[in-house]
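Structural overview
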Amino acid sequence: VQLQASGGGLVQAGGSLTLLCAASGRTFSNYRMGWFRQAPGNEREFVAAISRNSFIKNYADSVKGRFTISRDNAKNTVYLQMNSLKHEDTAVYYCAEDLRPSSGVSTLRPDYDYWGQGTLVTVSS
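In this report, the structure presented in the accompanying data block is examined. The shown structure was predicted, so the numbers you read here are calculated from the model rather than taken from an experiment.

1. Some words on the pattern of salt bridges
Counted according to the given criterion, the structure contains seven salt bridges. For Arg 37, the salt bridge goes to Glu 45, with nearest N and O atoms at 2.7 Å. The buried category is assigned to Arg 37, whose relative accessible area is 6%. Here Arg 37 ties to Asp 89 by a salt bridge, and the two come within 2.9 Å at their closest N and O atoms.

2. With respect to the pairing of strand S5 (residues 45–50)
For S5, the tally of buried residues reaches five of six residues, placing the bulk of the element in the interior. In this sheet, S5 lies alongside strand S4 (residues 32–38) in antiparallel orientation, the contact comprising five bridges. Bridged to Trp 35 within S5 is Ala 48. Connecting S4 to the next strand, S5, in antiparallel fashion are six residues, including Gly 41 with a positive phi near 80°. As defined by bridge partners, S5 adjoins strand S6 (residues 57–59) across three bridges and the pair is classed as antiparallel. Among the inter-strand pairings, Ala 48 is bridged to a residue of S6, identified as Tyr 59.

3. Points about the nonpolar core
Among the nonpolar cores identified, the biggest contains 32 residues, and Trp 35, Leu 80, Met 82 and Tyr 93 are the most heavily contacted of them. The set of elements that each furnish at least two residues to this core consists of strand S1 (2–6), strand S3 (17–24), S4, S5, strand S7 (67–72), strand S8 (77–82), strand S9 (91–98) and strand S11 (119–124). At five residues, S5 tops the list of elements feeding residues into this core. For Met 82, the residues in contact, after removing those within four places along its chain, are Gly 15, Ser 16, Leu 17, Leu 19, Arg 66, Phe 67, Tyr 93 and Val 121.

The rules behind these values
Residues numbered from 1 in each chain as written. Predicted model: local features only at pLDDT ≥ 70, side-chain atom pairs only at ≥ 80, totals over all residues. Heavy atoms only, no water. Salt bridge = Lys/Arg side-chain N within 4 Å of Asp/Glu carboxyl O. Buried < 20%, exposed > 50% of the residue type's maximum accessible area, 1.4 Å probe, protein only. Helix = DSSP H or I, 4+ residues; strand = E, 2+ residues; numbered from the N terminus. Pairing = 2+ DSSP bridges. Core = buried A, V, L, I, M, F, W, Y, C linked by side-chain atoms within 4.5 Å. Contact = heavy atoms within 4.5 Å.

Read these as layout, nothing more, since geometry by itself doesn't imply function.
Following this line, the structure appears as structure tokens:
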């Protein structure tokens, strides 16, 4: 299993970015996906998660209404559309795959089995 995150970069506050995470090596549509982030000096925190069929989505309160998670199972890709970015959104963003056979989504790091390498998002104030 390999997860490749991309799309990070430098953006001004108020701007937008879309992160992508391409999965390979497993039947992507069978598993739930999540995005986490880690800012310097902080622990890795939950950002968003999506169920296998996209029916269930969950967001951290800090990004609710600004970020949108989506997936395209035909392309083995999960997306994180980030709008109205703030300086405090600056972090390395990681995609992760949850292999558990459950219909819901998880906000907990230990529930995720595979992680991508991370992509850096820097929001200038």
